[in-house]
Amino acid sequence: MSLQALVFLVLSFIAIVSAILMITRANPVKSAIFLIINFLSLSIIYLTLNAQFIAIIQVLVYAGAIMVLFVFVIMLLNLQDEKKLSDKLDLRKVVALLFVLLVFGRIALGLGKSVSERFLKQAENSVEIGKVEFIGEKLFTNYILPFEITSLILIVAIVGSIVLAKRKFE
Amino acid sequence: MHKYIGLALIFPLIGFIVNGLFGWKIRKEKIIGWIGSLTVGASFVVSFLVYIELLGLPSYARKFTVEYFSWIKTGGLDISFSYLVDPLSVLMAMVVTGVGFLIHVYSIGYMHGDKGFARFFAYLNLFIFMMLTLVLADNYLLMFLGWEGVGLCSYLLIGFWYDKPFEKMTTSDAGRKAFIVNRIGDFGFLIGLFLMYKYFGSLNFNTVFSIASKLQVGDSTVFWITLLLFVGATGKSAQIPLYVWLPDAMAGPTPVSALIHAATMVTAGVYMIARSSVLYALAPTTMEIVAVIGALTAVYAASMGLVQNGIKKVLAYSTISQLGYMFLAMGVGAFSAGIFHLTTHAFFKALLFLGAGAVMHALDNEEDIQKMGGLKNYLPITYKTFFIASLAIAGIPPLSGFFSKDEILWGAYSQGSFWLWLLGAIGAFMTAFYMFRLVALVFETPARYGAKHPHEAPKVMTLPLVILGFFSAVAGFIGIPESFGLKNLFHHWLEPVFEDANAKLILESAHSTTTEFILMFISVLISAGGILLARYLYLERINVVAKLTQTFSGIYKLLYNKYYVDEIYDTIVVKPVKWGSEKLLWRFFDVKIIDGIVNGSARVTSAVSSVIRFIQNGIVQFYAVVFLIGILIILWLIF
Amino acid sequence: MIPLSWYLFLSLTLFTIGVLGVLIRRNAIVIFMCIELMLNSVNLALVGFSSYIGNELGQMLVFFVMVVAAAEVAVGLAIVIAIFRNRLTVNIDEINLLKW
């Protein structure tokens, strides 16, 4: 087992465990903390894929901005723990688990058939394309139009969230 | 110049749009009236300039197709807004716009003070536009567009005073009657066009006629096509059996009767046959039918005109009768004679109607000739012009009606048969009689209108009368029969249009000019006899008339009630259709079946949804599970 | 070297956990977090493909996914706040007015 595989397995283990903990914690703040751990481990996995730029913005945008927003809202609303979560295994959970496992199994089967023999090595230029320089150049040349449109989406989102969240008739 | 023939159509359209959309805002009658008139005048000028251009060309070159834009282009069908400029269409365009212009001017005076003044001129301009589309079109579909368009304008204008009672109905009922009767004819026309498209693969005049000119005479499909087109013509041009709408069309304002129901629109059928002369020449049976229907209509309508008391009614039956002459001419292959009569008829019949309008104008819209009389002194201009027109329609030389009618009668004799000629001659006698009965009762007998004060119409109305009177008198000289040793300008002008058709017809020229002169003399005698008889009876021996109506009260009643044709049609056609529509189609089919299906499907939907709406339980996670199941199914399907 | 399928299986596992979270949790904010988890798992798959195929398209798409996720979170949390203000709860079992 190579060092690379070891690193990957450790990181995957952290990611999966933190994800499971995230969905099982009754306290939403704890869930948020585990989600941040999950994001950070994903970020390191991106690095193993030579995607430096994505790894950085994963930390900056997701773990930084978005999750801070989550925690902020949770604290603002001062939410109580979910009472029923750990009570018992009710029917709804069983049904959900059943269907989720079915979907998992079906996709896993499909994946096993289709990609297990291919894509054994990373492409040679993978280091090159993950660089900030390369991606920046692409963003401002080939992808300039969608890039500019994102600014529109963000401004709409800002205005929309202000309109939705402000107190009415004041 | 011929390239700008489209201008002739654009001008009335502009007038229609301006008067129709902004007339209520302009308000000033003079401005509205002159916009309406001058746009038509402008298109007359355009037509006239095109005519001058054609005159300068050799006769074989006088034919242009001017294409403006494509209208329908699908599969094998290629229809465009393109116009055919040739001697026939230019002649028709000049008649339509020329007479139309005079009638527009007349209407400024006649419609003075009417609250629908702008609407009236908008409709008239739309009519001119549609009529020009009809006569200038270079394919049957565009012609049909104009054909339907003039029908629409006719409907709108008959019912122009939509709240005014008319006989036993309202004017809008009269308009509806005209429209529905015309629809019956148009149905035939349309079927004819379908058949034509199937057979010739085109609706374009040039293509159809060039294919047709290679066919054998007596082709059975062409027989059906021409017969169906003729059905359309009987509707539009008020021939037996579809003439019933025209007398009721007199419910409209008098200038409308003059323009649409005498001078132009009703001649559309004649024009259509003249335009399709090549096809008709291939179908001798249809030609015979056309000739017989024309001759019968000429006599039949004239007989009803003998006893009518409405001034416009008499003229309406006269119009039907004269149209019958034109169809007689078409039927015997005397195409240019028919068109000649169309032209002269446009002048003198428009004049007669406008004169009738001036009389009604003077007597507060009195229509009953029994309540007129003695107007000779009060309306001198109207009287003189009316008298000239009556002489013209009666066929007294050298007025225009003599030449055209005589040519038709000669054609009926030489190319048709003695019997057709006889019918025509009887009709001519009746025409002379009822026209001079009208003149006598309206202008010459002692006054019977009570305390009214008749007055001559304003200049704007009398001037068109004078101009039309002039043309009614002299227009005949353009078509003097060849047997006088002079050149027949009119025939010469139309020759290139009809040469293909004439080549197909076996024209007998065995009859000598002597026969022609004898017949001419006889017909003049007949007309003069009719005139003198009418004048003798109504001016000298009015009591004899009363006695005659007593003695022949059966015939009199039959004629007066128009052979009860309206009642017969009502019983055998209108009532069953109404009954079937109401009881069967509405009460049963519409209410029970159609509504049943619609309401039933709504009921089934609401019953089903009242059960399955409980799936919408408002729990988002339930929806998500359903979503997941859907994904699962799709995964199973695609992998 | 590890093959791409490892990354894809990790992505699939995380995605499945996210779906499960959406289905079993009642707190609207946690459900949102689960959706974020799902988005991230897809991002992982995209970056993995990008790197193994040698094409920058996957990483570009990840960039835009992040933008959309940020916008979505902003609007979504605003909606949660608006709901909380009206009903004093974010339990989605109680937010079920939109039904028959």
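Residues numbered from 1 in each chain as written. Chains lettered and ligands numbered in written order. Predicted model: local features only at pLDDT ≥ 70, side-chain atom pairs only at ≥ 80, totals over all residues. Heavy atoms only, no water.

### Brief notes about the overall build of chain A
Operational definition: Helical segments are the DSSP runs of H or I of at least four residues, strand segments are the runs of E of at least two, and each set is numbered from the N terminus. Restricting the calculation to C-alpha atoms gives the radius of gyration, and the globule rule supplies 2.2 Å times the number of residues raised to the power 0.38. Per-residue accessibility, obtained with a 1.4 Å probe over protein chains only, is compared with the maximum for each type, and a residue is labelled buried under 20%, exposed over 50%, and partly exposed between these values. We call two residues in contact when some of their heavy atoms are within 4.5 Å. Only the protein chains shown count as cover for residues, and the accessible areas themselves come from Shrake-Rupley with a 1.4 Å probe. Neither His nor the chain ends contribute to the count of charged residues, in which Lys and Arg are positive and Asp and Glu negative. For this purpose, a charge sits on NZ of Lys, CZ of Arg, CG of Asp or CD of Glu.
Of the regular secondary structure elements, chain A holds seven helices and zero strands. Counting helices and strands in the order they occur from the N terminus, chain A gives α-α-α-α-α-α-α. On C-alpha atoms alone, chain A measures out to a radius of gyration of 21 Å, which is more than a quarter above the 15 Å that the 2.2 N^0.38 rule sets for 170 residues. Each of the three principal axes of chain A carries a C-alpha extent, and together these read 55 × 45 × 25 Å. By the burial criterion, 36% of the 170 residues in chain A qualify as buried. Long-range contacts, defined here as pairs at least 24 residues apart, represent 57% of the contacts in chain A between residues at least 6 apart. Total accessible area computed for chain A in this model is approximately 10000 Å², and 72% of it derives from carbon and sulfur atoms. Here chain A contributes 16 positive and 11 negative side-chain charges, whose respective centroids are spaced 10 Å apart.

### A closer look at the interface of chain C and chain B
Convention followed: For any pair of parts, buried area is found by adding up, for both, the accessible area (1.4 Å probe) each one loses once the two are put together. Salt bridges are defined by distance alone: a side-chain nitrogen of Lys or Arg within 4 Å of a carboxyl oxygen of Asp or Glu. Polar contact is defined as a pair of N or O atoms within 3.5 Å, subject to the rule that within protein one atom must be able to donate a hydrogen and the other to accept it, and that residues adjacent in sequence are counted only when both atoms are side-chain atoms. In the scheme used here, Gly and all other residues not listed as nonpolar or charged are polar, with Ala, Val, Leu, Ile, Met, Phe, Trp, Tyr, Cys and Pro taken as nonpolar and Asp, Glu, Lys and Arg as charged.
Of the residues lining the interface, 14 residues belong to chain C; the matching set on chain B comes to 12 residues. The contact between chain C and chain B buries some 940 Å² in all, and 62% of this surface belongs to carbon and sulfur atoms. Here chain C and chain B share zero salt bridges between them. Summed over the shared surface of chain C and chain B, the number is three residue pairs in polar contact (both at pLDDT 80 or more). With four residues, helix α1 (residues 4-24) of chain C is the largest single contributor of residues to the side of chain C that touches chain B. Residue composition of the side of chain C that touches chain B, by class: nine nonpolar, one polar and four charged.

### Section: a negative patch on the surface
The cut-off we apply is this: Patch construction takes residues with relative accessible area above 30% that form no salt bridge. Like charges are linked within 9 Å, and nonpolar side chains (Val, Leu, Ile, Met, Phe, Trp, Tyr) are linked within 5 Å.
The grouping of Glu-482, Glu-495, Glu-499 and Asp-500 of chain B at the surface amounts to a negative patch. Considering the arrangement of structural elements, one finds Glu-499 of chain B in helix α20 (residues 489-504).

### As for the nonpolar core
Within soluble globular proteins, side chains that are nonpolar tend to cluster in buried spots. Convention followed: Think of a nonpolar core as a cluster: buried Ala, Val, Leu, Ile, Met, Phe, Trp, Tyr and Cys residues, connected wherever their side-chain atoms sit within 4.5 Å. Where a domain begins and ends is set by an automatic assignment or by a domain database.
Counting 197 residues, the largest nonpolar core has Tyr-140 and Ile-339 of chain B as its most contacted members. Looking at this core, the element that brings in the most residues is helix α15 (residues 335-362) of chain B, giving 17 residues. Both domains that meet at this core, namely domain 1 (1-138) and domain 2 (139-560) of chain B, each give it at least three residues. Setting aside its immediate chain neighbours within four residues, Ile-339 of chain B contacts Leu-88, Leu-91, Ala-274, Met-330, Phe-490, Leu-494 and Phe-498 of chain B. Ranked by size, the runner-up nonpolar core spans 84 residues in total, among them Leu-4, Val-22, Phe-63 and Val-80 of chain C.

### Notes on the domain arrangement of chain A
Residues and elements named next belong to chain A. Taken domain by domain, chain A consists of domain 1 (3-139) and domain 2 (140-170). Put simply, the middle of domain 1 and the middle of domain 2, counted by C-alpha atoms, are 25 Å apart. Tallying the contact residues gives four residues for domain 1 and six residues for domain 2. Carbon and sulfur atoms supply 52% of the area that domain 1 and domain 2 bury against each other, a total of about 440 Å² over both sides. Area buried by domain 1 at its contact with domain 2 is led by Glu-137, Lys-138 and Leu-139, which between them contribute 92% of it. On inspection of domain 1 and its partner domain 2, the count reaches zero salt bridges. If you look at where domain 1 meets domain 2, you find eight residue pairs in polar contact (both at pLDDT 80 or more). Of the residues in the side of domain 1 that touches domain 2, the class split is one nonpolar, one polar and two charged.

### Focus on the interface of chain A and chain C
In many analyses, interface size is given as the accessible surface area lost on bringing the parts together. Facing the 81 residues of chain A at the interface are 68 residues of chain C. Taking both sides of the interface into account, the surface hidden between chain A and chain C amounts to around 7000 Å²; carbon and sulfur atoms contribute 78%. Contact with chain C buries area across many residues of chain A, yet Ile-23, Phe-70 and Phe-119 of chain A alone supply 10% of it, more than any other trio. Linking chain A with chain C are one salt bridge, by the criterion used here. Across the pair Lys-138 of chain A and Glu-56 of chain C runs a salt bridge, and its minimum N-O distance is 3.8 Å. For the pair chain A and chain C, the interface holds 12 residue pairs in polar contact (both at pLDDT 80 or more). Among the elements of the structure, α1 (3-24), α2 (28-48), α3 (52-77), α4 (91-115), α5 (126-129), α6 (132-140) and α7 (144-165) of chain A are those that each provide at least two residues to the side of chain A that touches chain C. Ranked by the residues each element gives to the side of chain A that touches chain C, the list is headed by α3 of chain A, at 13 residues. Residue composition of the side of chain A that touches chain C, by class: 56 nonpolar, 15 polar and 10 charged.

### Considering the packing of aromatic side chains
Here is the rule we go by: Working definition: a ring pair exists when centres of Phe, Tyr or Trp rings (six-membered ring for Trp) sit within 6.5 Å. Plane angles under 30 degrees give stacked, over 60 give edge-to-face, the rest tilted. By definition here, charges over rings are those cases where NZ of Lys or CZ of Arg is within 6 Å of the ring centre and within 35 degrees of the ring normal.
For the coordinates displayed, the defined rule picks out 49 aromatic pairs over all chains. Residues Phe-147 of chain A and Phe-63 of chain C carry aromatic rings whose centres are separated by 6.0 Å and whose planes lie at 25° to one another, so their mutual orientation is stacked. Residue Phe-147 of chain A is found in helix α7, and its partner Phe-63 of chain C is found in helix α3 (residues 57-87); the two belong to separate chains. Owing to a relative accessible area of 19%, Phe-147 of chain A belongs among the buried residues under this scheme. Overall, Phe-63 of chain C belongs to the buried group, its relative accessible area being 14%. An aromatic cluster of three or more residues is present, and its members are Phe-117, Phe-120, Phe-121, Tyr-123, Phe-160 and Trp-161 of chain B. Here the basic side chain of Arg-106 of chain A rests over the ring of Trp-636 of chain B, its NZ or CZ set 4.9 Å away from the ring centre. Here the basic side chain of Arg-587 of chain B rests over the ring of Trp-586 of chain B, its NZ or CZ set 3.9 Å away from the ring centre.

### Some words on helix α19 (residues 459-474) of chain B
Residue and element names in this part refer to chain B. For the record, the criterion: Here the expected length of a helix is defined as 1.5 Å per residue gap, with one fewer gap than residues. For this quantity, the arc is that covered by the directions from the helix axis to the C-beta atoms.
With 16 residues, α19 extends 22 Å between its outermost C-alpha atoms, agreeing within 8% with the 22 Å of an ideal straight helix rising 1.5 Å per residue. Among the residues of α19, those classed as buried are Met-461, Thr-462, Pro-464, Leu-465, Leu-468, Gly-469, Ser-472 and Ala-473. In a view along the axis of α19, the buried residues occupy a sector of 165°, so they form one face of it. Exposed and oriented more than 90 degrees from the buried face of α19 are Lys-459, Leu-463 and Phe-470.

### A look at the environment of Val-40 of chain B
All names here are of chain B. Position of Val-40 relative to the elements: it lies in helix α2 (residues 29-55). Along the chain, Val-40 and Val-96 lie 56 residues apart, while their C-alpha atoms are 9.3 Å from each other. With sequence-adjacent residues up to four places away left out, Val-40 is seen in contact with Thr-97, Gly-100, Phe-101, His-104, Asn-125 and Ile-128.

### Some remarks on the pattern of salt bridges
If charged atoms from side chains of opposite charge come close, those side chains can pair. Residues and elements named next belong to chain B. Scanning all chains against the criterion turns up 11 salt bridges over all chains. For Lys-177, the salt bridge identified is with Asp-248, shortest N-O distance 2.5 Å. Highlighted residues: Lys-177 in helix α6 (residues 171-200) and Asp-248 in helix α9 (residues 245-248), separated in sequence by 71 residues. Residue class for Asp-248 comes out buried when judged on its relative accessible area of 3%. A salt bridge links Arg-535 to Glu-444; its shortest N-O distance comes to 3.2 Å. Residue Arg-535 is located in helix α21 (residues 513-540), and its partner Glu-444 is located in helix α18 (residues 418-444); the two are separated by 91 residues in the primary sequence. Assessed through its relative accessible area of 23%, Arg-535 is described here as partly exposed.

### Remarks on the environment of Leu-44 of chain C
Its location among the elements puts Leu-44 of chain C in helix α2 (residues 28-53). Relative accessible area serves as the criterion here: at 0%, Leu-44 of chain C is assigned to the buried category. Each C-alpha atom, one on Leu-44 of chain C and one on Ala-70 of chain C, is 17 Å from the other, the two residues being 26 residues apart in sequence. Setting aside residues no more than four positions away along its own chain, Leu-44 of chain C makes contact with Leu-42, Ile-45, Tyr-46 and Leu-49 of chain A together with Tyr-7, Leu-10 and Ser-11 of chain C.

### Looking at the packing of α15 of chain B against helix α16 (residues 380-394) of chain B
All names here are of chain B. The condition that has to hold: With axes taken as lines fitted to C-alpha atoms, and helix axes fitted only over the stretch in contact, angles between N-to-C directions fall between 0 and 180 degrees. The hand of a helix crossing depends on one turn: near helix anticlockwise from the far one by less than a right angle means left-handed, and clockwise means right-handed.
Contact geometry of α15 with α16 gives a least axis separation of 9 Å together with a crossing angle of 145°. α16 is crossed by α15, and the crossing has left-handed handedness. On the side of α15, the interface is formed by Phe-348, Lys-349, Leu-351, Leu-352, Gly-355, Ala-356, Ala-358 and Val-359, while α16 contributes Thr-382, Thr-385, Phe-386, Ala-389, Ser-390, Ala-392 and Ile-393.

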